[in-house]
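Residue-level listing of the chains:
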Amino acid sequence: DVKVTQSSRYLVKRTGEKVFLECVQDMDHENMFWYRQDPGLGLRLIYFSYDVKMKEKGDIPEGYSVSREKKERFSLILESASTNQTSMYLCASDRDSYEQYFGPGTRLTVT
Amino acid sequence: AQSVTQLGSHVSVSEGALVLLRCNYSSSVPPYLFWYVQYPNQGLQLLLKYTSAATLVKGINGFEAEFKKSETSFHLTKPSAHMSDAAEYFCAVSDGGGSQGNLIFGKGTKLSVKP
């Protein structure tokens, strides 16, 4: 059974903290994605990666960075968390087919 | 640029009634189209996909969608709603030709099913 796991389901952080969200997939997929999901806005792409050590900006990269040191792991970093980054964060992966597999999501609250 | 419009942020049906969730797209290349479902507190799960083969696509849980190029639509239907269908549904379009690239998602339609 294919699986994408995210390190936390719920996370509460303070403004200004550095936040790491981890995503691991066990399907040997080349492509990995980070989205944020907000009510009424759907999913918006933050960053994506088509290969190890490769990263590309999505539609809303400001305030975020990513790291992909290994094929199976894709990390999203909030350098200095702000309240407007309170959101649901979804990780996904695929193998050149657009058929993305999603993790369960991390609901991040920044206070 | 590719885009997706889902008509209706909330749809409510009675159990046993027809489910119709609307999706229109724009694409400068032959599109790949997808419907995903998200149950409460979960990630998204693929329901079905259109990749330029048959225009009527059958998915999981009794859902199907029809690709209509002339109407630039890919509406999702199910003949008889079940309580377990209550979820949020997202339509998505590929942002490039072939199998490379990213997905562009609609804003979602929340489906409620009344007993």
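Structure's up top.
First, a word on what this report is: a plain description of the structure on this page. (Residues numbered from 1 in each chain as written. Chains lettered and ligands numbered in written order. Predicted model: local features only at pLDDT ≥ 70, side-chain atom pairs only at ≥ 80, totals over all residues. Heavy atoms only, no water.)

1. Details of the overall build of chain B
Quick reminder of the rule: A run of H or I in DSSP becomes a helix once it reaches four residues, and a run of E becomes a strand once it reaches two; helices and strands are each numbered from the N terminus. Here the globule rule is a power law, 2.2 Å times the number of residues to the power 0.38, and the radius of gyration is based on C-alpha atoms. The criterion used for residue contact is that any of the two residues' heavy atoms lie within 4.5 Å. In these tables, accessible area is a Shrake-Rupley quantity obtained with a 1.4 Å probe, and a residue counts as shielded only by the protein chains included in the view.
Assigned secondary structure in chain B consists of 0 helices and 11 strands. Start at the N end of chain B and walk to the C end: the helices and strands fall as β-β-β-β-β-β-β-β-β-β-β. Over its C-alpha trace chain B gives a radius of gyration of 14 Å, about what one expects of a compact globule, namely 13 Å for 115 residues. Referenced to the eigenvectors of the C-alpha coordinate spread, the extents of chain B come out at roughly 40 × 30 × 20 Å. A fraction of 56% describes how many contacts in chain B between residues 6 or more apart in sequence connect residues 24 or more apart. Taken as a whole, chain B presents about 5300 Å² of accessible surface, with 53% of it coming from carbon and sulfur.

2. Side note on the overall build of chain A
As a reminder of what qualifies: The rule is simple: take the accessible area with a 1.4 Å probe, protein chains only, and divide by the maximum for that residue type; under 20% is buried, over 50% is exposed, in between is partly exposed. We score Asp and Glu as negative and Lys and Arg as positive, and we do not count His or the chain ends. To locate a charge, take NZ of a lysine, CZ of an arginine, CG of an aspartate or CD of a glutamate.
Broken down by element type, chain A carries 0 helices and 11 strands. If you list the helices and strands of chain A from N to C, you get β-β-β-β-β-β-β-β-β-β-β. A globule of 111 residues ought to have a C-alpha radius of gyration of about 13 Å, and chain A, at 13 Å, matches this closely. Counting the 111 residues in chain A, one finds 50% classified as buried. For chain A, the share of sequence-separated contacts (at least 6 apart) that also reach a separation of at least 24 residues comes to 55%. For chain A, the distance from the average position of its 16 positive side-chain charges to the average position of its 17 negative side-chain charges is 7 Å.

3. Concerning the sheet that holds strand β1 (residues 3–7) of chain B
Residues and elements named next belong to chain B. Rule in force here: Strands are treated as partners if at least two bridges between them are detected by DSSP. With axes taken as lines fitted to C-alpha atoms, and helix axes fitted only over the stretch in contact, angles between N-to-C directions fall between 0 and 180 degrees.
What the 5 strands build is an open sheet, ordered β1-β3-β8-β7-β6; its pairing is antiparallel. At either end of the open sheet lies a strand with only one pairing partner, and these are β1 and β6 (56–58). Along the sheet, successive strands turn relative to each other by an average axial angle of 20°, direction set aside. The sheet contact formed by strand β3 (residues 19–26) and strand β8 (residues 73–78) spans 4 bridges and is antiparallel. From the neighbouring strand, leucine 21 faces β8, where its bridge partner is leucine 76.

4. Some thoughts on the environment of A:Glu56
Residue and element names in this part refer to chain A. In this fold, glutamate 56 is placed in strand β6 (residues 56–57). Expressed as a C-alpha distance, the spacing of glutamate 56 and phenylalanine 33, which sit 23 residues apart in the sequence, is 9.6 Å. Once you skip the residues sitting within four places of it in the chain, glutamate 56 turns out to touch Tyr47 and Phe48.

5. Points about the interface of chain B and chain A
Convention followed: Each reported salt bridge corresponds to a side-chain nitrogen of Lys or Arg within 4 Å of a carboxyl oxygen of Asp or Glu. Counting of polar contacts relies on pairs of N or O atoms within 3.5 Å, with two restrictions inside protein: one atom must be capable of donating a hydrogen and the other of accepting it, and residues adjacent in sequence are counted only when both atoms are side-chain atoms.
Across the boundary between the two partners, chain B contributes 25 residues, which contact 21 residues of chain A. Linking chain B to chain A there are 1 salt bridge. Ionic pairing is found between A:Glu99 and B:Lys49, a salt bridge with its closest N-O pair at 2.6 Å. Counting across the interface, chain B meets chain A through 5 residue pairs in polar contact (both at pLDDT 80 or more). Elements supplying a minimum of two residues to the side of chain B that touches chain A: β4 (33–38), β5 (44–50), β9 (87–94) and β10 (103–105) of chain B.

6. Observations regarding the packing of aromatic side chains
Heads up, the rule is: Pairing of aromatic rings covers Phe, Tyr and the six-membered ring of Trp, with a centre-to-centre limit of 6.5 Å; geometry is then stacked below 30 degrees between planes, edge-to-face above 60, and tilted otherwise.
In the structure shown here, the tally under the stated rule is 14 aromatic pairs over all chains. Geometrically, the ring pair formed by A:Phe102 and B:Tyr36 is edge-to-face, given 5.6 Å between the ring centres and 80° between the ring planes. One end of the pair, A:Phe102, is in strand β10 (residues 101–102); the other, B:Tyr36, is in strand β4, on a second chain. There is no split in this pair, since A:Phe102 and B:Tyr36 are both buried. Note on B:Tyr25 and B:Phe67: the rings are 6.0 Å apart at their centroids and 25° apart in plane angle, and the pair reads as stacked.

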